[in-house]
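The primary structure of each chain is shown beneath.
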Amino acid sequence: MQSLAKWKRIMLDRLGVEVGDGIYCSSTSIRKGYKGDVTHSVIADQWDYEIRIRQEDRNLDTLKSYVNKIWKIITDAEDYILEEYPQILLPGHPTSSIRLPKEIKFITAEELHAKYPNEDVHGRENAAVRDYGAIFIIGMGWPIAGGPPEEVRAPAYDDWNLNGDIMVMHPLTGYRHELSSMGIRVDSKSIVAQLKHRGFENQIDLPFNQAVIHNRLPFSYGGGIGISRLLMLLLRCAHIGEIYKPNILCLHYLQTHKYLNNMSSGEVQCGIWHDEHYKQVCGAPGVDMIPDRIVKWAASA
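These figures come from a predicted structure and were not determined experimentally.

Cut-offs applied
- Residues numbered from 1 in each chain as written.
- Predicted model: local features only at pLDDT ≥ 70, side-chain atom pairs only at ≥ 80, totals over all residues.
- Heavy atoms only, no water.
- Core = buried A, V, L, I, M, F, W, Y, C linked by side-chain atoms within 4.5 Å.
- Buried < 20%, exposed > 50% of the residue type's maximum accessible area, 1.4 Å probe, protein only.
- Helix = DSSP H or I, 4+ residues; strand = E, 2+ residues; numbered from the N terminus.
- Contact = heavy atoms within 4.5 Å.
- Pairing = 2+ DSSP bridges.
- Axes fitted to C-alpha atoms, helices over the stretch in contact; angles between N-to-C directions.
- Polar contact = N/O pair within 3.5 Å; in protein donor to acceptor, adjacent residues only side chain to side chain.
- Arc of directions from axis to C-beta.
- Salt bridge = Lys/Arg side-chain N within 4 Å of Asp/Glu carboxyl O.

**Q** Tell me what's going on with the nonpolar core, and back it up with residues and numbers.
**A** Counting 36 residues, the largest nonpolar core has Trp-71, Phe-136, Ile-166 and Tyr-221 as its most contacted members. Secondary structure elements with two or more residues in this core: strand 2 (43-52), helix 2 (60-84), strand 4 (134-138), strand 5 (158-169), strand 6 (176-185), strand 7 (220-226) and helix 7 (227-234). By residue number, the principal contributor to this core is helix 2, which donates 8 residues. Beyond its immediate chain neighbours, meaning those up to four positions away, Tyr-221 contacts Tyr-49, Glu-50, Ile-51, Ile-53, Leu-63, Tyr-66, Val-67, Met-182, Gly-183 and Ile-184.

Take a look at the structure:
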């Protein structure tokens, strides 16, 4: 599939989804060319969703409303995990005193740049999550203060003035930990402006883009939540490679509380890791790796 974001918006139209309703799907895809790191493997697993909205709902209030709903689900899930794993709360556990804030801090990319002017992109995000615990950065895509954008975004997905990322401080690594990207989708004006900014005027006549320009597709809000990333946070795992069977627990919580239905469980997070990635992880606190000799034996068996 070339674009799940585009597909979901098309499906809202084909399925006749009403305003206020939406669709979701569990997606598993391959990251082409990825070497991987602590929060990335070559496998990307997400819960993706798309909700139909009205044209007049394309504003910051709508964006923040959906972010707050998703954040409530995440903090409720943390409470549930801590009930199931009380050892996390015991004194001496490295994350025993760390909790997600019940309210998420909204901050624009411009405000982030102004608050931490001497930091690079990840430095700003690290500083912000350490200050606030959890942030939603509004406005990902347009240049900031005459420089590069906070993050490069595709021009035909989100409206760059009405999108953003949820980031938290990971309790073990102390590093910025991105959980979700989302936004209100482009309309006829924003898609043209964004395509022109990226120098993609030659794509204006593509079928999907023309459908947006001529208002043949529903207005919508959508995004994705990283499954393994979320489980890394909730289960206090330092590396994405540690995520495996325990995801049944999180899925059970989401299903029980009717956030997700008919979701399969028990998938294994695995992938082919680059040699440099393997060296980075070997010996890291709390990360168990299969010894080389076992891997070589299995390959030759």
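**Q** Describe the sheet that holds strand 6, listing the residues and the values that go with them.
**A** If you trace the 7 strands from one edge of the open sheet to the other, you get 1-2-7-6-5-4-3, paired in mixed fashion. Of all strands in the sheet, those with a lone pairing partner are strand 1 (22-30) and strand 3 (105-108), marking the two edges. Strand-to-strand twist of the sheet, defined as the mean angle between neighbouring strand axes without regard to direction, takes the value 20 degrees. As paired strands, strand 2 and strand 7 are joined by 7 bridges and run antiparallel to one another. What sits directly across from Gln-46, in strand 7, is Gly-226. Sheet contacts for helix 2: strand 2, strand 3, strand 4, strand 5, strand 6 and strand 7; angle to strand 5, the most-contacted strand, approximately 25 degrees. Here helix 4 (residues 121-132) sits on the sheet and contacts strand 3, strand 4, strand 5 and strand 6; the angle it forms with strand 4, its principal contact strand, is near 135 degrees.

**Q** Account for the pairing of strand 2, with residues named and values stated.
**A** When a strand is regular, its side chains alternate between the sheet's two faces. Along strand 2, 7 of the 10 residues are buried, which leaves the element largely enclosed by surrounding structure. Across 9 bridges, the pairing between strand 1 and strand 2 is antiparallel. Opposite Tyr-24, over in strand 2, you have Tyr-49 as the bridge partner.

**Q** A description of the side chain of Asp-48 should follow, citing residues and the corresponding values.
**A** Mapped onto the elements of the fold, Asp-48 is located in strand 2. Only 3.2 Å separates the side chain of Asp-48 from the side chain of Lys-8, close enough to count as a polar contact. Setting aside its immediate chain neighbours within four residues, Asp-48 contacts Leu-4, Lys-8, Ile-23, Tyr-24, Cys-25, Ser-27, Gly-223 and Gly-224.

**Q** Explain helix 5 (residues 188-197) residue by residue, including any values.
**A** The set of residues buried in helix 5 consists of Ser-190, Ile-191, Gln-194 and Leu-195. Seen end-on, helix 5 carries its buried residues on one side only, within an arc spanning 125 degrees. Considering only its buried residues, helix 5 is in contact with strand 5 and helix 6 (207-213). Note on helix 5: the residue one or two positions beyond its end, Gly-199, has a positive phi of about 75 degrees.

**Q** Which residues make up the environment of Glu-151, and what are the values?
**A** Structurally, Glu-151 can be placed in the loop between strand 4 and strand 5. Judged by its relative accessible area of 27%, Glu-151 falls in the partly exposed class. Of the polar contacts made by the side chain of Glu-151, one reaches the side chain of Arg-153; its length is 2.9 Å.

**Q** Would you mind going over the pattern of salt bridges in detail, with residue names and values included?
**A** Side chains bearing opposite charge may pair, as long as their charged atoms lie close to each other. The tally for this structure, following the rule as stated, stands at 15 salt bridges. With a shortest N-O distance of 3.2 Å, Asp-48 and Lys-8 are connected by a salt bridge. You can see Asp-48 sitting in strand 2 and its partner Lys-8 sitting in helix 1 (residues 4-14), a full 40 residues away along the chain. Judged by its relative accessible area of 6%, Asp-48 is buried. The partner of Glu-56 in a salt bridge is Arg-54, and the shortest N-O contact between them spans 3.6 Å. Under the relative-accessibility criterion, Arg-54 is labelled partly exposed at 40%. Here the residues in one salt-bridge network are Lys-8, Asp-48, Glu-50, Asp-158 and Arg-185, joined through shared partners.

Read these as geometric descriptors, not functional statements.
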